[in-house]
Amino acid sequence: MSTMFAGLQGEFMTQKRFLEAIIVGSGFGGAVMCCRLAMRWPGEVLLLERGKRYPKGSFARSPHDFAANFWAPAEDGQARKLNGLFDIRNYRRMDSVVSAGLGGGSLIYANVFMPAPAWVFGPRWPAQISATTLAPYYRVAQSVLAARPVPPAEGDARRTIQRTSLYADFARADGRTSRAADIAVFFGKGYASRQSGPLPLGEQERNRYGATQTSCTYCGECDVGCNVHAKNTLDLNYLFAAEKQHGALVETGSEVTRITPLSEAGEPDSTADGRYGYRVDYRDDAGTPLHALARRVVVAAGTLGTNELLLRCRDTLGTLPRLSQRLGHGFSGNGDFLSFVSGGTRAADPTYGPVITQFIDYGLQQPTPGQPSFMLEDAAYPAFAAWYVEGLRPAAGLSYLFNRIARTFKVFKQRWVDQLFSGKWSGSMSAYAHTALQGDLSYRSSVLLFMGQDAADGTLHLHRGRLALDWPQSSSRPLYDAIVACGKRFQQFAGASTYFPQPTWAWPVRNNITVHPLGGCALAEEPAHGVVSSLPGARGQVFGYQRLYVADGSLLPTGVGANPSATIAALAEWIAEDITGMTPDDTLGVPHA
Ligand SMILES: Cc1cc2nc3c(=O)[nH]c(=O)nc-3n(C[C@H](O)[C@H](O)[C@H](O)COP(=O)(O)OP(=O)(O)OC[C@H]3O[C@@H](n4cnc5c(N)ncnc54)[C@H](O)[C@@H]3O)c2cc1C
Ligand code: SF4
């Protein structure tokens, strides 16, 4: 933290002041809002995040540490038992994975930055928002997140990613083209600014905002947290500048439980409209109740967190009774669909390189009327998961076990014959180790990440005080059927023995899984159509209240088919500009950035 703000944390802990803004949640929406509002009101912005900070080397890798790496709700007044990174939810016909931690979804996301195709901003979106309106905000967010394609291999074997060429060949065979995705991964400051080539793998330097990062080591572990800080996660750019440069107060392990407007006398008053500010109640991991007061509140707890908090404030606690009846409507899973192809004849090497490197368009960028619009992205997973799969295999197939034993026996037999007749025996076990390990299943397996435009007709509501979701799966079924057909074509192309869709797709469960939950607090011109205003002077402001804002994935009136974090960040920039009156730029107010 700059010296100017060094004393504020302590002062804040002892004397709760009336702040300019409280931000709830630190994902793509929350991080942008925190930075921009802290630039406008230095030292007067408080960010509350339920998860932990993740410095270098702190992401779980061992089975023991992973067992504690999940997030679970805690009862009032009780200490939290699980405050890890992965918040996995199970709803009717739709499961979801989101993140808890400083940086939100950026900590476990696959780094893809992709603006929504222009046609997506259709009739369900308010007139104020289009690809053209959002273009300058996409540009700023992309520059801050330093999203660029993976550097070309140019003869460096360590930069060669086998699955990239496998997917490109499949695209050609399927009459499509594969394009490199822009990914928010650090390959050196010079590469990010297009002034030089990439930094050698594993070398470190400070990024333009002052955070030390490592040039990507191609370990394939992006979705379980990057232990060397090669991912351009939000804690290394927007939040870094907010805290170090503009004195934002950041409290982690702080879960917001209630938002109440204040009366003129400064008392909690659920009939008030927010003109006198708000009281925000939260709890720490020990279960201790805490609160803070502010002139404005930005709810950026992610689609599930924001809908749950606002529904509770409206329907259970009664502190925000004026919220629109559209709250919770228009949920989308962004058409997510995961598939696996295993035992192919070509190398896929899915444990190497950043998790996504490219995408193949199936009518998402250029739609065909009457056809589902989706795209396919390649995926990597951590090498330790491949060892786990190999460990499971003997139990899964006796023929595999016998095959391995026979191969091992053959090597030893050959050694024994060599030694007997020629006296040659080097003592080296390398050939044995080579034979035992080669031919692993994972090397010839692929993970296919599909996403597309679903019907966005889900409804979030409360059931026994907790968030619940109704997902009318059948209306999005044509999309899923087209995706499964594409997965089977990939299987044929790869000469693979097996294709299987996501595990929860098997009958009788038939659940979708989304890592991109969206909607429920749709942007609109009036409360009959949404929850949050899109009008100038009130962008992002919740209908019925003054200076209460939403800024996260819940704002989207439909899915975007593309990976959504770019659109969430761009919308947050667009809202922050309206609140602060400051045109956003990519320096984040950091000198020489
Ligand atoms: C495995 C995986 C891969 C992904 N890959 C991509 C990708 O490549 N590209 C892409 O664009 N998107 C990707 N996503 C999706 C992306 O991460 C989300 O769309 C994005 O993070 C949503 O941003 P947000 O601001 O809406 O909320 P989030 O990023 O979810 O942030 C919300 C934050 O609020 C906190 N919070 C919740 N409730 C409370 C509360 N009551 N009090 C305090 N804090 C609270 C949460 O802990 C969280 O940190 C991926 C997601 C996953 C899980
Ligand atoms: S591939 Fe490894 S080093 Fe590179 S960003 Fe992903 S987790 Fe970090």
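For clarity, every value in this text was computed on a predicted model and none was experimentally measured.

A. Broad picture of the overall build of the protein chain. Helix and strand counts for the protein chain come out as 13 helices and 24 strands. Relative to its 593 residues, the protein chain shows a buried fraction of 49%. Counting only contacts in the protein chain whose residues sit at least 6 apart along the sequence, the fraction spanning at least 24 positions is 73%.

B. Seen up close, the sheet that holds strand E19 (residues 498-501). Strands sit in the order E5-E14-E15-E16-E13-E19 across an open sheet of 6 strands; the sheet is antiparallel. Both outer strands of the open sheet, strand E5 (178-180) and E19, are each paired with one neighbouring strand and no more. The sheet shows a mean angle of 25° between the axes of neighbouring strands, direction not considered. Two elements, strand E15 (residues 374-379) and strand E16 (residues 446-452), share 6 bridges in a ladder whose sense is antiparallel.

C. Quick peek at the sheet that holds strand E3 (residues 86-91). Spatial ordering of the open sheet is given by E3-E4-E20, a layout of 3 strands whose pairing is mixed. For this open sheet the edge positions go to E3 and strand E20 (512-514), each flanked by a neighbour on one side alone. When strand polarity is set aside, the average angle formed by the axes of neighbouring strands in this sheet is 15°. Inspection of the sheet shows E3 paired to strand E4 (residues 94-99) by 6 bridges, in the antiparallel sense. Across the sheet, Ile88 pairs through a bridge with Val97, a residue of E4.

D. Highlighting the site of ligand 2. Every one of the 13 residues lining ligand 2 counts as a neighbour, but Cys216, Cys219, Cys222, Cys226 and Ala230 are closest to it. Each residue belonging to the shell around ligand 2 can be placed in one class, and the counts come to 9 nonpolar, 2 polar and 2 charged.

E. Fine view of the site of ligand 1. Taken together, 42 residues lie near ligand 1, and Gly25, Gly27, Gly104, Gly105 and Gly305 sit nearest. Residue assignment for the shell around ligand 1 shows that the elements contributing at least two residues are helix H2 (28-40), E4, strand E9 (254-261), helix H8 (302-316) and helix H13 (565-580). Among the residues making up the shell around ligand 1, the classes are represented as 19 nonpolar, 18 polar and 5 charged.

F. Examining the nonpolar core more closely. Among the nonpolar cores identified, the biggest contains 153 residues, and Ile22, Cys34, Cys35 and Val45 are the most heavily contacted of them. In terms of residue count, H13 provides more of this core than any other element does, 10 residues in total. Non-local contacts of Ile22, meaning those with residues more than four positions away in its chain, are made with Leu46, Leu48, Val280, Ala292, Ala294 and Val297. Core analysis: the second largest hydrophobic core is formed by 11 residues, Tyr91, Met94, Val98 and Phe331 among them.

G. A look at the packing of helix H4 (residues 131-144) against H13. One way to put it is that H4 packs onto H13 with a least axis distance of 8 Å and a crossing angle of 110°. By the angle class used here, H4 and H13 are roughly perpendicular. In terms of crossing hand, the pair formed by H4 and H13 is right-handed. Counted together, Leu134, Tyr137, Tyr138, Val140, Ala141 and Gln142 of H4 and Ala566, Ala569, Ala570, Glu573 and Trp574 of H13 form the full contact between these two elements.

H. Layout of H2. Under the 1.5 Å per step criterion, the end-to-end length of H2 is 19 Å for 13 residues, consistent within 8% with the ideal 18 Å. The buried fraction of H2 is high, at 12 of 13 residues. Looking at H2, one finds that the buried residues are Phe28, Gly29, Gly30, Ala31, Val32, Met33, Cys34, Cys35, Arg36, Leu37, Ala38 and Met39. Contacts from the buried residues of H2 go to strand E1 (18-24), strand E2 (45-48), helix H7 (238-244), strand E11 (289-299) and H13.

I. Here's a closer look at the packing of H2 against H13. H13 packs onto H2 with a crossing angle of 25° between their chain directions and a minimal axis gap of 8 Å. Overall, the two elements H2 and H13 adopt an arrangement that is roughly parallel. H2 and H13 meet at a crossing whose hand is right-handed. Each of Phe28, Gly29, Val32, Met33, Arg36, Leu37 and Arg40 in H2 lies in contact with H13, whose residues at this interface are Ser565, Ile568, Ala569, Ala572, Glu573, Ala576, Ile579 and Thr580. Tallied by class, the residues present in the contact of H2 with H13 amount to 9 nonpolar, 3 polar and 3 charged.

J. Structural context of the pairing of E11. For E1 and E11, the ladder comprises 6 bridges, and the chain directions are parallel. Directly across from Phe18, in E11, lies its bridge partner Leu293. When E11 meets strand E24 (residues 548-550), the two strands line up parallel, connected through 3 bridges. Among the inter-strand pairings, Val299 is bridged to a residue of E24, identified as Val550.

K. Structural context of the environment of Ala241. In this structure, Ala241 sits in helix H7. The exposure class of Ala241 is buried, given the 26 C-beta atoms found within 10 Å. If we ignore the near neighbours within four places in the chain, the residues touching Ala241 are Cys35, Tyr209, His246, Leu588, Gly589 and Val590.

L. Seen up close, H8. Between the first and last C-alpha of H8 there are 20 Å, a value that for 15 residues agrees with the 21 Å anticipated at 1.5 Å per step. In terms of residue burial, H8 counts as a mostly covered element, since 13 of its 15 residues are buried.

M. Region of interest: the pairing of E16. The buried count for E16 comes to 6 of 7 residues, which makes it a mostly enclosed element. In terms of strand pairing, strand E13 (residues 337-342) meets E16 through 5 bridges, oriented antiparallel. If you follow Phe340 over to E16, its bridge partner there is Val447.

N. The environment of Arg163, seen in detail. Summarising the element assignment, Arg163 is placed in helix H5 (residues 162-173). Distance from Arg163 to Thr357, taken between C-alpha atoms, is 9.0 Å for residues 194 residues apart in sequence. Those residues in contact with Arg163 that sit more than four places away from it in its chain are Ala348, Asp349, Pro350, Asp378 and Ser446.

O. Representation of the confidence of the model for the protein chain. Of the residues in the protein chain, 88% have a pLDDT of 70 or more, and the chain-wide mean is 91. Residue range residues 1-15 is modelled with pLDDT below 50. Its contacts to residues more than four positions away, or to other chains, number 15 contacts.

The rules behind these values
Residues numbered from 1 in each chain as written. Chains lettered and ligands numbered in written order. Predicted model: local features only at pLDDT ≥ 70, side-chain atom pairs only at ≥ 80, totals over all residues. Helix = DSSP H or I, 4+ residues; strand = E, 2+ residues; numbered from the N terminus. Buried ≥ 20, exposed ≤ 12 C-beta atoms within 10 Å, placed from the backbone. Contact = placed C-beta atoms within 7 Å. Pairing = 2+ DSSP bridges. Axes fitted to C-alpha atoms, helices over the stretch in contact; angles between N-to-C directions. Near = placed C-beta within 6 Å. Nonpolar A, V, L, I, M, F, W, Y, C, P; charged D, E, K, R; others polar. Core = buried A, V, L, I, M, F, W, Y, C linked by C-beta atoms within 7 Å. Parallel < 35°, antiparallel > 145°, perpendicular 65-115°, else oblique. Left-handed = near helix turned anticlockwise from the far one by under 90°. Expected span 1.5 Å × (residues − 1). pLDDT = per-residue confidence, 0-100.

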